[in-house]
Amino acid sequence: MADRKATLQIDGQSIELPVLSPTAGKDVVDVRTLGKHGYFTFDPGFLATGSCESAITYIDGENGVLLHRGYPIGELATKADYLEVCYMLLHGEAPTEKQYHEFKNTITKHTMVHQGIHNFFNGFRRDAHPMAMLCAVTGALSSFYHDDLEIHDENQRLRSAYRLIAKIPTIAAMAYKFSIGQPFVYPRNDLGYAENFLNMMFSVPAEDYKISPAVARAMDRIFTLHADHEQNASTSTVRLAGSSGANPYACIAAGVASLWGPAHGGANEACLRMLAEIGSVENIPKYIEKAKDKDDPFRLMGFGHRVYKNTDPRATVMRESCHEVLKELDRDDPLLDVAMELERIALEDDYFIEKKLFPNVDFYSGIVLKAIGIPTNMFTVIFALSRTVGWVSHWHEMMGEENQKIGRPRQLYTGYTKREFSPIKK
Ligand code: CMC
């Protein structure tokens, strides 16, 4: 793979390191042998570190490109449905019609959770955050499948993946129903993936719930736009947890925990709360100044991205979707006025231009979710639901590798060197 070498000169020592070329993107310097020469690399926050090989998703941050298995996200969001995208992420190729129907049937038949899962919810406080419930109950799933957890058996791995893709929406909807004191709604096999989720969220035994096709389409698109995103914090968390041989349910629960933070999946919830706090267009300049003030920890939620430095291609689709949904549902949301004006001002402001900060996917997804009736504290849960396929695809890819190693970074130690301990009485 590598004929090219990089030479590192340190204190008169010359170390040759292979340079590897990916199928797309930046070349990488393979530093794996550096430890033998007495050095480690230092890169907190992984600003320039490739942690693995992967053939699933490609991002070109400078040019705003996102490809899943080679297909641009814009095309997938408009021409494929979420389950098609799930299939290609997991299996490597887009499904044929037959494969698609078999896959859909398999996922549909796995949507019900063991009745014992219902009992877990009674242990939570009524006001528990649904992410707390999702994280705990996802981890608990492993206790129901202990005879099907052989991580080196590809079929067992795929069965776990199907269960996770199928059951996380059920658990997510249960977390919501529990929080509002309504009975859990069982999954329905006659409905599509997004429709079934909406039905479990919003139907009640006392009356018929009509699923709007526009809402189901918007939901499916949100799932697609969040399906995978290369080696982000939560996916890297899933890989690191999985590298020790942990079971897939435990690994995905770790991913849910990592996603929860406001710098990652929690941004959509934080963004909507921020828009509500800004309240009206006149208040925007005050918040722009706060975001620019170095002494103020406030940041514009839904702005900026570690990798995209030009445009977030997911945000481009989501922005269109946002306008379409509000028009189709005939919802006139004052928060949208605040969002659009905030976007306009920030995009013209030197601070945001210089730092290459522009709206990311979460800036618009919160508005769409609000329009379709999803409560704010469920936003990150929906991100987790959508991303489950990405997490489990990366875990499956990693576990299928030969010589897969436990993830074990090193450090730049800054503590005390060895010193003598005095017993407490002295
Ligand atoms: N508002 C104001 N200033 C910002 C913002 C923001 N949203 N984001 C970054 N900056 C500034 C930051 O203060 C820093 O300035 P300086 O160089 O003067 O110290 C500079 O821009 C670089 O920021 P950074 O924190 O070093 O950049 P990062 O790559 O480590 O962080 C980020 C990326 C997404 C965590 C960050 O932009 C942020 O906190 N954004 C708001 C939260 C958000 O919307 N997150 C969702 C990301 S998209 C969904 C997902 O994939 O998870």
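Please read these numbers as outputs of a predicted model, since none were measured by experiment.

**As for the site of the ligand**
Phase 1 of the analysis: Taken together, 21 residues lie around the ligand, and His264, Lys294, Leu300, Arg306 and Lys355 are the ones closest in.
Phase 2 of the analysis: One of the side-chain N or O atoms of arginine 306 is found 2.8 Å from an oxygen atom in the ligand.
Phase 3 of the analysis: Note that a nitrogen atom of the ligand is positioned 3.0 Å from one of the side-chain N or O atoms of tyrosine 351.
Phase 4 of the analysis: Starting from 940 Å² of accessible surface for the ligand in isolation, the protein chains cover 75%.
Phase 5 of the analysis: Of the residues belonging to the shell around the ligand, the class tally is nine nonpolar, six polar and six charged.
Phase 6 of the analysis: Inspection of the shell around the ligand shows a minimum of three residues originating in each of domain 2 (70-264 + 390-399) and domain 3 (267-372).

**Side note on helix 8 (residues 213-225)**
Phase 1 of the analysis: Along its 13 residues, helix 8 runs 18 Å from first to last C-alpha, staying within 8% of the 18 Å computed at 1.5 Å per residue.
Phase 2 of the analysis: Among the 13 residues of helix 8, 11 are classified as buried, and the element is accordingly described as predominantly covered.
Phase 3 of the analysis: Among all positions in helix 8, only Ala214, Val215, Ala216, Ala218, Met219, Asp220, Arg221, Ile222, Phe223, Thr224 and Leu225 are buried.
Phase 4 of the analysis: Along its buried surface, helix 8 packs onto helix 1 (73-79), helix 2 (82-91), helix 7 (193-202), helix 13 (313-328), helix 16 (361-371) and helix 17 (379-399).

**A few points about the packing of helix 13 against helix 16**
Phase 1 of the analysis: At their nearest, the axes of helix 13 and helix 16 sit 8 Å apart, and the two run at 25° to each other. Overall, the two elements helix 13 and helix 16 adopt an arrangement that is roughly parallel. Crossing geometry of helix 13 relative to helix 16 is assigned as left-handed. Along its contact with helix 13, which presents Arg314, Ala315, Met318, Arg319, Cys322, Val325 and Leu326, the element helix 16 presents Val361, Tyr364, Ser365, Ile367, Val368 and Ala371.
Phase 2 of the analysis: The class makeup of the residues in the contact of helix 13 with helix 16 is 10 nonpolar, one polar and two charged.

**Comments concerning the UniProt feature "active site" (unreviewed entry) in the chain**
Phase 1 of the analysis: UniProt records the feature "active site" (unreviewed entry) at His305 and Asp362, using the numbering of this structure. Maximum C-alpha separation among the annotated residues is 10.6 Å over a sequence range of 58 residues, consistent with a single clustered spot.
Phase 2 of the analysis: Along the chain, the position of histidine 305 falls in the loop between helix 12 (284-292) and helix 13.
Phase 3 of the analysis: Excluding anything up to four places from it in sequence, histidine 305 contacts His229 and Arg314.

**Some points on the pattern of salt bridges**
Oppositely charged side chains can pair when the atoms bearing their charge come close.
Phase 1 of the analysis: Following the criterion strictly, the structure yields 20 salt bridges and no others.
Phase 2 of the analysis: For aspartate 30, the salt bridge goes to arginine 32, with nearest N and O atoms at 2.8 Å.
Phase 3 of the analysis: For arginine 32, a relative accessible area of 70% translates into the label exposed.
Phase 4 of the analysis: Taken together, the salt bridges that share partners define one network made up of Asp148, Arg159 and Arg163.

**Quick word on the pairing of strand 2 (residues 13-20)**
Phase 1 of the analysis: Relative to strand 2, strand 1 (residues 5-10) runs antiparallel, the two sharing six bridges. Paired with leucine 8 across the two strands is isoleucine 15, which belongs to strand 2.
Phase 2 of the analysis: Linkage of strand 1 to strand 2, two consecutive antiparallel strands, is achieved through a turn of two residues, within which aspartate 11 is found at a positive phi near 45°.
Phase 3 of the analysis: Of the pairings in the sheet, the one linking strand 2 to strand 3 (residues 28-29) comprises two bridges and is antiparallel in character. Bridged to leucine 20 within strand 3 is valine 28.

Rules behind the numbers
Residues numbered from 1 in each chain as written. Predicted model: local features only at pLDDT ≥ 70, side-chain atom pairs only at ≥ 80, totals over all residues. Heavy atoms only, no water. Near = heavy atom within 4 Å. Polar contact = N/O pair within 3.5 Å; in protein donor to acceptor, adjacent residues only side chain to side chain. Areas by Shrake-Rupley, 256 points an atom, 1.4 Å probe, with all protein chains shown as cover. Nonpolar A, V, L, I, M, F, W, Y, C, P; charged D, E, K, R; others polar. Domains from an automatic or database assignment. Helix = DSSP H or I, 4+ residues; strand = E, 2+ residues; numbered from the N terminus. Expected span 1.5 Å × (residues − 1). Buried < 20%, exposed > 50% of the residue type's maximum accessible area, 1.4 Å probe, protein only. Contact = heavy atoms within 4.5 Å. Axes fitted to C-alpha atoms, helices over the stretch in contact; angles between N-to-C directions. Parallel < 35°, antiparallel > 145°, perpendicular 65-115°, else oblique. Left-handed = near helix turned anticlockwise from the far one by under 90°. UniProt positions renumbered as here; feature names shortened; annotations may be inferred. Salt bridge = Lys/Arg side-chain N within 4 Å of Asp/Glu carboxyl O. Pairing = 2+ DSSP bridges.

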